[in-house]
Amino acid sequence: MESSSLFFTCTINGSVLASKASKTNAEPVCNRLNGSSKLTYRSLPICASADISHSCAFPNGKAFDWKLGNLSLRSGVECKALNVETKPFFSVGSKFQLEDVIEAQQFNRDTLGAIFDVAKEMEKIEKISTGSNILKGYLMATLFYEPSTRTRLSFESAMKRLGGEVLTTENAREFSSAAKGETLEDTIRTVEGYTDIIVMRHFESGAARRAAATANIPVINAGDGPGQHPTQALLDVYTIQKEIGKLDGIRVGLVGDLAYGRTVRSLAYLLAKYKDVKIYFVSPEVVKMKEDIKDYLTSQGVEWEESGDLMEVASKCDVVYQTRIQRERFGERIDLYEEARGKYIVDQNVLDVMQKHAIIMHPLPRLDEITVEVDADPRAAYFRQAKNGIYIRMALLKLLLLGW
Amino acid sequence: MESSSLFFTCTINGSVLASKASKTNAEPVCNRLNGSSKLTYRSLPICASADISHSCAFPNGKAFDWKLGNLSLRSGVECKALNVETKPFFSVGSKFQLEDVIEAQQFNRDTLGAIFDVAKEMEKIEKISTGSNILKGYLMATLFYEPSTRTRLSFESAMKRLGGEVLTTENAREFSSAAKGETLEDTIRTVEGYTDIIVMRHFESGAARRAAATANIPVINAGDGPGQHPTQALLDVYTIQKEIGKLDGIRVGLVGDLAYGRTVRSLAYLLAKYKDVKIYFVSPEVVKMKEDIKDYLTSQGVEWEESGDLMEVASKCDVVYQTRIQRERFGERIDLYEEARGKYIVDQNVLDVMQKHAIIMHPLPRLDEITVEVDADPRAAYFRQAKNGIYIRMALLKLLLLGW
Amino acid sequence: MESSSLFFTCTINGSVLASKASKTNAEPVCNRLNGSSKLTYRSLPICASADISHSCAFPNGKAFDWKLGNLSLRSGVECKALNVETKPFFSVGSKFQLEDVIEAQQFNRDTLGAIFDVAKEMEKIEKISTGSNILKGYLMATLFYEPSTRTRLSFESAMKRLGGEVLTTENAREFSSAAKGETLEDTIRTVEGYTDIIVMRHFESGAARRAAATANIPVINAGDGPGQHPTQALLDVYTIQKEIGKLDGIRVGLVGDLAYGRTVRSLAYLLAKYKDVKIYFVSPEVVKMKEDIKDYLTSQGVEWEESGDLMEVASKCDVVYQTRIQRERFGERIDLYEEARGKYIVDQNVLDVMQKHAIIMHPLPRLDEITVEVDADPRAAYFRQAKNGIYIRMALLKLLLLGW
């Protein structure tokens, strides 16, 4: 279990309680998320006659006491006591409790594997012509403080493919506009009354974590500024497993903007969870991979190497992960930008040296760092990679709303 | 019956006709709305062979004649004549006909009670995990001429919780943009062809009334400029009834911006319909409650009092209704704004003097006129109040589309 | 068959293959669209064991070979060979294959009639109170690069009336924003992974054709700049047939901005497909109908005439099609604009000379080129015309997603 894991679960008689948004469960749920406590009341009226006692410490130091006991669940099961335990993230019949999706670091090798298994099931469901109804009756709000049409449509497609419904806004900044000035916490407390799960995009690092700490329903981070974009990291690893067939022992070349690209940073982090991985960094000097990730890889025993020779790296790798050099990082030094962006292009020449089973990935959008001629090659995996985002998001929505 | 009531219904043989949007009724409907006539044709082709005659006066003074008679309904019922009667608002087995929701004044004590009963049913429906299907097949358009994400999401959530579908735009100003210049009436005539009910937010007072006079389908006013926001008024009264258990005999303190806040003005108006109500006005001098509402309360025999002592009022009231002082009302006099907004803050000190059963309400968003420390107190009702908006809107959608 | 027709179909043993988005068909589909080839893989896994060979030439000159043969379809039918034939657009039991809707010119008299038959069925479905489920499980993306709320809501209403779901964006320009700079082709390749059909509005002429050439799912052009808006053209012709009862032998007056109005240009083009049609052009000198359409009409044997006398034309026509003079065409010559827009107004005087069975049409929005007094006359068909857009779009969605 990760020391940075966000998840602790409460149990009644050893059974892990329902996930935050589970509508069919009558159990009150107490979840500790980075020190805060959440109480899910969605179905509480059902156990109004119950007499169970429990105490949770609130982050502000206040205590909130409530009572349970002889809790008659709809299912006929009786819970006679509430034993609060700090359980490992991954528990109970190899299943873990997924409460929120906030950052790539919350996942370990086992949880990734478990999520990928669900994603694989989702691939089948997505192809059914009449659609699926497993999330029928559930509402997802896409609360976007800055537009990201690609990400938003991907989440909304995932929800609708499962029969769920969507409330959408790309205008969430309006909540906190100068004239109104609402805090993020107040917005979340209001919106959680309208919906069963919140997918949030925000311009500030850490915003998703604050939202999750406030909300009594699950929150998925769809990108918070320079911070995290965990569903992108998951779909990247899923794509490698699906295309290459394994994660242990793979050789991955990360190319382009390694200093600012959160995608490659998260990917490097997650790859460190697998065995015998080797990572090559190929980037212009000005956007080199930073020391923190290199140090982390070293501490995890992951081999890595910096190289200026894309052709040589491409010939050795299973995955060439190209990224876009972001102009906005260069300020007025357009000359440096132009030099950087033209340095490592994936084109027919790169394809020619790549192995037959290898793939080219890219988080999209691309400019000209991969030439159009590459698209027709079966090894060009980037559009399939985008599609995998649907399956990963379907899996996460299912897990957060229904559990395993 | 209110003299200002907007509702007159037409009857066939004494039966009140279907509501505007009822799809399953084949009867042509003639509704008088503030002097205009509406003819609902949704299912008219079914009675194309009918021979019923009726004449409606149009607002522009023209007459429109049409004939019916021996109207063969799909249900096999025969309507042999059309007797136009002006029926009281609240009729037929204690049920009234709800055509549009335009302003708080259209509701009286009985209709409020009837709507609240439906809202209470909706609380149960909202908790069903598989959702409800009672509005399956119905479409609601949210036609927002200015963004109000909070209100829009609340309506859309209400519709989707009932199985209905939504067409959404926060961009409705585009219809009447300089380049295109369409009138509101033309926009409504177009949009009513796409949908079964229109929820409209507009920047001009009176816009909702104009829309309702034009539309052959129900219109709900979701705020028209400085004018009305009737669903907010309804959810406020519903919250008081639900939290305090009664409306007769309550003591309510209205605090903050009483001059410009349409919320408190509508609330004062609606509270006047109940017995033995006492209202306290607590506000900075510059944003005092205006004379029209005070005169109205006096005329209705409602006791009211102005006070500068929030602590004393809070200790006596069942409800402390706090509002935000709006900076934009003060122009360049920022000094006056700063003085006004800091004057009456609801904090732990106010909580300390409040009665145990009393509650704090706020229409949201709040800035710092209620301190965050108050949130954890069970008497802080403002987020529950926001949630009640869902139930009230579910009830209204059900009543407007399906009737009782 | 039109020489400009966009449609060629591939057949297996003489049967026309499924449309692009058909989820229930296991057949691989090869469609030639203006020289490009598309391969639909949606259900390909089902025929993974097949051994059929076929070769398609790609636009970039590359060849893509794939093999079929003894293709075991889910239905039990066996296809032993793939015979590529260039079939007429309108084939197989009088049914044709509809792949994309890009421009008015792709339709001929027979296909228009066939679409109108489906639209007529849709009028019945739209009136069912519980809605239809024929597109349940299907997702439509409205990808709007410029806002057009009217058109977008019309498409979304059509999809939802059939039980389908919608992903919506009026913000599609964000994909190709300066900071990101994605090509339209890349955007389409990404979005087609999220949805089953794309409805696109773009500011550049030809954008829809490019999108269709890229996409493996159907694309509907909802307007591409000064180019085409084919669903508007279809609903116009459908309205004439429905209101007048025929298309052969009709007299149509096109009034207003004939130079820039794509609506009247497309309508003139489509009317040429019918017999004994006579068209009158009534417009200010500065916005006269251009020579290309006049030449085309002449080449098709369609009688046409220019006239400055609206009253005389109105007295002779079955249809008076009024349009808005667009101010933006006049630059700084506001004087010319004012002169042009006031010249031909449809008012009570025009109504007085019109025949009883004749109708007035307008693509909307209108300013004052039709006076409000006209609205109450049964011959004012423009709001019914807008409503017909729903039926036409329902028909097209059904045909593109399910076929005949």
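Only a predicted model underlies this, so the values are computations on that prediction, with no experimental measurement involved.

## Considerations on the pairing of strand 18 (residues 319-322) of chain A
All names here are of chain A.
1) Next: Residues Val319 and Tyr321 of strand 18 are buried on one face, and the alternating residues Val320 and Gln322, pointing to the opposite face, are buried as well.
2) Next: Where strand 15 (residues 251-255) lies against strand 18, 4 bridges are found, and the strand directions are parallel. For Val255, the partnering residue across the bridge sits in strand 18 and is Gln322.

## Quick notes on the packing of helix 1 (residues 109-126) of chain A against helix 5 (residues 230-244) of chain A
Residue and element names in this part refer to chain A.
1) Next: Direction vectors running N to C along helix 1 and helix 5 enclose 75°, while the axes themselves pass 11 Å from each other. Comparing the axis directions of helix 1 and helix 5 gives the class roughly perpendicular. On helix 5, the residues touching Leu112, Phe116, Ala119, Lys120 and Glu123 of helix 1 are Leu234, Val237, Tyr238, Gln241 and Lys242.
2) Next: Taken together, the residues of the contact of helix 1 with helix 5 break down into 6 nonpolar, 1 polar and 3 charged.

## Side note on the relation of the copies chain A and chain B
1) Next: Each copy of the sequence occupies a distinct position, and chain A is placed on chain B by a rotation of 120° and an axial shift of 0.0 Å, giving an RMSD of 0.0 Å. Overall, the copies show the geometry of a three-fold rotation axis.
2) Next: Taken together, the interface assignments show that only 4% of the residues at the interface of chain A recur at the interface of chain B, consistent with different surfaces on the two copies.

## Some remarks on the relation of the copies chain A and chain C
1) Next: In screw terms, the move from chain A to chain C is a rotation of 120° and a rise of 0.0 Å along the axis, fitting with an RMSD of 0.0 Å.
2) Next: Little of the interface of chain A is mirrored in chain C, where only 3% of its interface residues are also at the interface.

## What about the pairing of strand 16 (residues 278-282) of chain B?
Residue and element names in this part refer to chain B.
1) Next: Burial within strand 16 is extensive, with 5 of its 5 residues counted as buried.
2) Next: With burial as the criterion, each face of strand 16 is covered, one bearing Lys278, Tyr280 and Val282 and the other bearing Ile279 and Phe281.
3) Next: Bridge count between strand 15 (residues 251-255) and strand 16: 5 bridges; the pairing is parallel. Paired with Leu254 across the two strands is Phe281, which belongs to strand 16.
4) Next: Handedness of the crossover joining strand 15 and strand 16 through helix 6 (residues 262-271) is recorded here as right-handed.
5) Next: Where strand 16 and strand 17 (residues 303-306) come together, 4 bridges link them in parallel fashion. Along strand 17, the bridge assignment pairs Phe281 with Glu306.

## A short note on the interface of chain A and chain B
Interfaces are frequently sized by the accessible area removed from exposure as the parts join.
1) Next: In this complex, chain A contributes 28 residues to the contact, which on the side of chain B involves 31 residues.
2) Next: Interface of chain A and chain B: buried area, both sides summed, is about 2800 Å²; carbon and sulfur atoms make up 49% of it.
3) Next: Where chain A meets chain B, there are 5 salt bridges.
4) Next: Residues Asp186(A) and Arg366(B) are paired through a salt bridge, measuring 2.5 Å at the closest nitrogen-oxygen approach.
5) Next: Inspection of the chain A/chain B interface yields 12 residue pairs in polar contact (both at pLDDT 80 or more).
6) Next: For the side of chain A that touches chain B, the secondary-structure elements that each account for two or more residues are strand 12 (165-169) and helix 3 (184-191) of chain A.
7) Next: With 5 residues, the single largest contributor to the side of chain A that touches chain B is strand 12 of chain A.
8) Next: For the side of chain A that touches chain B, a count of residues per class yields 7 nonpolar, 10 polar and 11 charged.

## Some details on the interface of chain A and chain C
1) Next: With 30 residues of chain A at the interface, the matching set in chain C holds 26 residues.
2) Next: Of the roughly 2700 Å² buried where chain A meets chain C, counting both sides, 49% is carbon and sulfur surface.
3) Next: Elements represented by at least two residues in the side of chain A that touches chain C include exactly helix 2 (149-161) and helix 11 (382-402) of chain A.
4) Next: Sorting elements by how many residues they give to the side of chain A that touches chain C places helix 2 of chain A first, with 9 residues.
5) Next: In the side of chain A that touches chain C, the residues fall into 9 nonpolar, 8 polar and 13 charged.

## Here's the deal with the sheet that holds strand 14 (residues 219-224) of chain A
Where strands meet in a sheet, backbone hydrogen bonds hold them as pairs that are either parallel or antiparallel.
Residues and elements named next belong to chain A.
1) Next: A sheet is described by the order of its strands in space; here 4 strands give the open sequence 12-11-13-14, paired in parallel fashion. The open sheet is flanked by strand 12 and strand 14, the only strands paired with a single partner. On average, each strand axis in the sheet is inclined to that of its neighbour by 15°, with strand direction left out of account.
2) Next: In this sheet, strand 12 lies alongside strand 11 (residues 139-144) in parallel orientation, the contact comprising 5 bridges. Directly across from Ala141, in strand 12, lies its bridge partner Leu167.
3) Next: Helix 2 contacts strand 11, strand 12, strand 13 (197-202) and strand 14 of the sheet and is inclined by roughly 180° relative to strand 11.
4) Next: Contacts from helix 11 reach strand 11, strand 13 and strand 14 within the one sheet, and its direction differs from that of strand 13 by about 130°.

## Considerations on the pattern of salt bridges
1) Next: A full pass over the atoms with the stated rule returns 96 salt bridges over all chains.
2) Next: Across the pair Lys387(A) and Glu126(A) runs a salt bridge whose closest N-O atoms are separated by 3.1 Å. Residue Lys387(A) is located in helix 11, and its partner Glu126(A) is located in helix 1; the two are separated by 261 residues in the primary sequence.
3) Next: On the basis of relative accessible area, Lys387(A) is assigned to the buried category, the value being 18%.
4) Next: Salt bridges here are not isolated pairs; linked through shared partners, they connect Glu126(A), Lys127(A), Arg161(A), Lys387(A) and Asp196(C).

## Describing the packing of aromatic side chains
1) Next: Considering all chains together, one arrives at 18 aromatic pairs over all chains under this definition.
2) Next: Pairing Tyr269(A) with Tyr296(A) gives two aromatic rings, centres 4.6 Å apart and planes at 15°, and the pair type is stacked. Residue Tyr269(A) is found in helix 6 (residues 262-271), and its partner Tyr296(A) is found in helix 7 (residues 291-299); the two are separated by 27 residues along the sequence.
3) Next: You can call Tyr269(A) buried: its relative accessible area is 13%.
4) Next: When the ring centre of Phe203(A) is taken as reference, the NZ or CZ atom of Arg173(A) above it lies at 4.0 Å.
5) Next: The ring of Phe155(C) is capped by Arg393(C), whose NZ or CZ atom sits 4.8 Å from the centre of that ring.

Procedures and definitions
Residues numbered from 1 in each chain as written. Chains lettered and ligands numbered in written order. Predicted model: local features only at pLDDT ≥ 70, side-chain atom pairs only at ≥ 80, totals over all residues. Heavy atoms only, no water. Buried < 20%, exposed > 50% of the residue type's maximum accessible area, 1.4 Å probe, protein only. Helix = DSSP H or I, 4+ residues; strand = E, 2+ residues; numbered from the N terminus. Pairing = 2+ DSSP bridges. Axes fitted to C-alpha atoms, helices over the stretch in contact; angles between N-to-C directions. Parallel < 35°, antiparallel > 145°, perpendicular 65-115°, else oblique. Contact = heavy atoms within 4.5 Å. Nonpolar A, V, L, I, M, F, W, Y, C, P; charged D, E, K, R; others polar. Least-squares fit on C-alpha atoms with pLDDT ≥ 70 in both. Right-handed = clockwise from strand over helix to strand, strands pointing away. Buried area = accessible area lost by both parts, 1.4 Å probe. Salt bridge = Lys/Arg side-chain N within 4 Å of Asp/Glu carboxyl O. Polar contact = N/O pair within 3.5 Å; in protein donor to acceptor, adjacent residues only side chain to side chain. Phe/Tyr/Trp six-rings, centres within 6.5 Å; stacked < 30°, edge-to-face > 60°. Lys NZ or Arg CZ within 6 Å of the ring centre and 35° of its normal.

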